[in-house]
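Structural features, examined
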Amino acid sequence: MLPQMQSPIPDYLAEVLHTCAPDTSGTVADYIPELATVDPELLGISISTVDGAVYETGDSDVEFTIQSISKPFVYALALADRGLDAVLARVDVEPSGEAFNELSLEKGSGRPLNPMINAGAITTHTLVGEPGADSTARRDRILDGLSAFAGRRLDADEATFRSETATAFRNYAIANMLRSHGTILDDPEGVVEDYTWTCSILVTTRDLALMAATLANGGVNPLTEEEVVDERVVRQVLSVMATCGMYDSAGDWISTVGFPAKSAVSGAIIGSLPGQLGIAAFSPRLDPHGTSVRGVDVCRRLSHDMGLHMMDAPQPARATIRRAHEIRRPDGGEATVYELHGSIQFAGAERLLRDLTATEIATTEVVLHLGRVHSVNDVARRMLLEAVRRLGLDGHQVTVVDPDGVLPETDDA
Ligand code: DON
């Protein structure tokens, strides 16, 4: 039996990690004393496809506090619990172009400009659960909800919670202003404590990749298959992440990286590409926007190399493998035939790679039949050609049947 093909995706992620690792610029957040105790060298990357294949490298199982990455998920729960109109009545969806802790309110109404800044997230905390929910009910709903997004039971870090509560003067000021405008009706101090507690929930990059993949998958967790929120909620959340998730660098981010994202002062970044995958990177040193230096670098590279800019994507990935079967040729030889169809992008090519790596191919001859494939984008083309190359190295004889020439072999074709 020939060796099973190894997927090139883990090798690629390890290469990205290796390339980004030497950059030690930026500083670890210290305005929350507990955050300053983190090892600044940590670097982890995880990605999860919408059907639950998780690839990870580096410190992907190290826990850190979720901080502002909780904001899109709390917004999602508020939308699910109270509906779009009730939430919009309290929190707008306009980019503020200011830092996360500015009191950016709409003139006249006193609505926070969006739910990704602190003023907006403090307000969305009052919109989670049943109207009138007390702190215990609110925290239970948030922990249950975020755990459902992650597909495992999460918990809060009491030390970080206490550390931030002792220094959250600015958030208390924001909450008092919101109370004076009537934007929140609850006790400002209690709401800030709940918001701070949410920020101290512990996650890994694997959890965050699955949370982002749940958004990319229309609200259904790829592993547990639980529908956490519905598709309309997801569309709203991803739209606001795309326009407001990166605060005062949102425009630069969406034009260069090109997928909805959210950053956190603990050093994590998530990205979510609808129909394809969720991405998470973690590295504690931050740039002046309060965003992870190496996390941004990782996302830029993944977007560029994997063709993830959402404005480049003509249509969502479709099921790629129409049929995989063995045939006996007239001369008695046997071959395994993979018939592909549709338009193949990263997620479709990954699906084929996963099939090729998960099954022991019983025949020496392998046929990739592209007769029903309309198009193969650049990253998928390189992945398919790499599969052909690796199968060859493993001793298979590979024939590509490509009547319409959708898989040119040269880079400049
Ligand atoms: O409100 C705060 O200060 C933190 N608990 C969360 C801030 C945060 O992560 C901002 N994101 N980049």
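Our subject is the structure listed above.
As the structure is a computational prediction, the values presented were derived from the model and not from experiment. (Residues numbered from 1 in each chain as written. Predicted model: local features only at pLDDT ≥ 70, side-chain atom pairs only at ≥ 80, totals over all residues. Heavy atoms only, no water.)

1. Remarks on the overall build of the chain
Each helix and strand counted, the chain has 14 helices and 14 strands in total. Taken over C-alpha atoms, the radius of gyration comes to 23 Å for the chain, in line with the 22 Å a tight globule of 413 residues would show. Each of the three principal axes of the chain carries a C-alpha extent, and together these read 85 × 45 × 35 Å. Expressed as a percentage of the 413 residues in the chain, the buried residues total 55%. A separation of at least 24 residues holds for 71% of the contacts in the chain among residues at least 6 apart in sequence. With an accessible surface of roughly 16,800 Å², the chain has 49% of that area assigned to carbon and sulfur atoms. (Helix = DSSP H or I, 4+ residues; strand = E, 2+ residues; numbered from the N terminus. Rg over C-alpha atoms; globule rule 2.2 N^0.38 Å. Buried < 20%, exposed > 50% of the residue type's maximum accessible area, 1.4 Å probe, protein only. Contact = heavy atoms within 4.5 Å. Areas by Shrake-Rupley, 256 points an atom, 1.4 Å probe, with all protein chains shown as cover.)

2. Quick notes on the packing of helix H5 (residues 135–150) against helix H9 (residues 205–216)
Between H5 and H9, whose axes approach to 7 Å, the crossing angle comes to 90 degrees. In terms of their interaxial angle, H5 and H9 are classed as roughly perpendicular. Along the contact surface, H5 presents Leu146, Phe149 and Ala150, while H9 presents Asp207, Leu210, Met211, Thr214 and Leu215. (Axes fitted to C-alpha atoms, helices over the stretch in contact; angles between N-to-C directions. Parallel < 35°, antiparallel > 145°, perpendicular 65-115°, else oblique.)

3. Quick word on the sheet that holds strand S5 (residues 155–156)
Spatial ordering of the open sheet is given by S4-S6-S5, a layout of three strands whose pairing is antiparallel. Edge positions in the open sheet fall to strand S4 (64–65) and S5, since each of these has one partner strand only. As paired strands, S5 and strand S6 (residues 201–203) are joined by two bridges and run antiparallel to one another. Bridge pairing in S6 places Ala156 opposite Ile201. (Pairing = 2+ DSSP bridges.)

4. Quick look at the site of the ligand
Around the ligand, a shell composed of 14 residues is seen, among which Tyr31, Gln67, Ser68, Glu164 and Tyr195 lie nearest. In this structure, Ser68 approaches the ligand through a side-chain N or O atom, which is 2.7 Å from an oxygen atom. Separating an oxygen atom of the ligand from a backbone N or O atom of Val265 is a distance of 2.9 Å. Computed on the free molecule, the ligand has an accessible area of 350 Å², of which 99% lies beneath the protein chains in the complex. (Near = heavy atom within 4 Å. Polar contact = N/O pair within 3.5 Å; in protein donor to acceptor, adjacent residues only side chain to side chain.)

5. A look at the sheet that holds strand S2 (residues 44–49)
Strand order in the open sheet made by the five strands is S3-S2-S9-S8-S7, with antiparallel pairing throughout. Of all strands in the sheet, those bounded by a partner on one side alone are strand S3 (54–58) and strand S7 (261–263). Taking the axes of each pair of neighbouring strands and ignoring which way they run, one obtains an average angle of 10 degrees across the sheet. In this structure, S2 lies alongside strand S9 (residues 277–282), joined through six bridges in antiparallel fashion. Within S9, the position partnered with Ile47 by the bridge is Ile279. Running at roughly 150 degrees to S9, H9 makes contact with S2, S3, strand S8 (268–273) and S9 of the sheet.

6. Side note on the nonpolar core
If you look at the biggest cluster of nonpolar residues, it comprises 53 residues, and the most contacted ones within it are Ile47, Trp253 and Leu302. Among the elements that take part in this core, helix H14 (residues 378–393) stands out by supplying eight residues, more than any other. Leaving out residues up to four positions away in the same chain, Trp253 has contacts with Met246, Gly258, Phe259, Ala261, Ile269, Val296 and Cys299. Counting 46 residues, the second-largest nonpolar core is a separate cluster that includes Leu127, Val128, Met211 and Ala268. (Core = buried A, V, L, I, M, F, W, Y, C linked by side-chain atoms within 4.5 Å.)

7. Details of the pattern of salt bridges
Considering all chains together, one arrives at 28 salt bridges under this definition. Linking Asp230 and Arg232 is a salt bridge whose minimum nitrogen-to-oxygen distance equals 2.8 Å. When its relative accessible area of 26% is taken as the criterion, Asp230 is described as partly exposed. For Glu339, the salt bridge goes to Arg323, with nearest N and O atoms at 3.3 Å. Taken together, the residues Glu339 in strand S12 (residues 334–344) and Arg323 in strand S11 (residues 321–328) connect sequence positions 16 residues apart. On the basis of relative accessible area, Glu339 is assigned to the buried category, the value being 14%. (Salt bridge = Lys/Arg side-chain N within 4 Å of Asp/Glu carboxyl O.)

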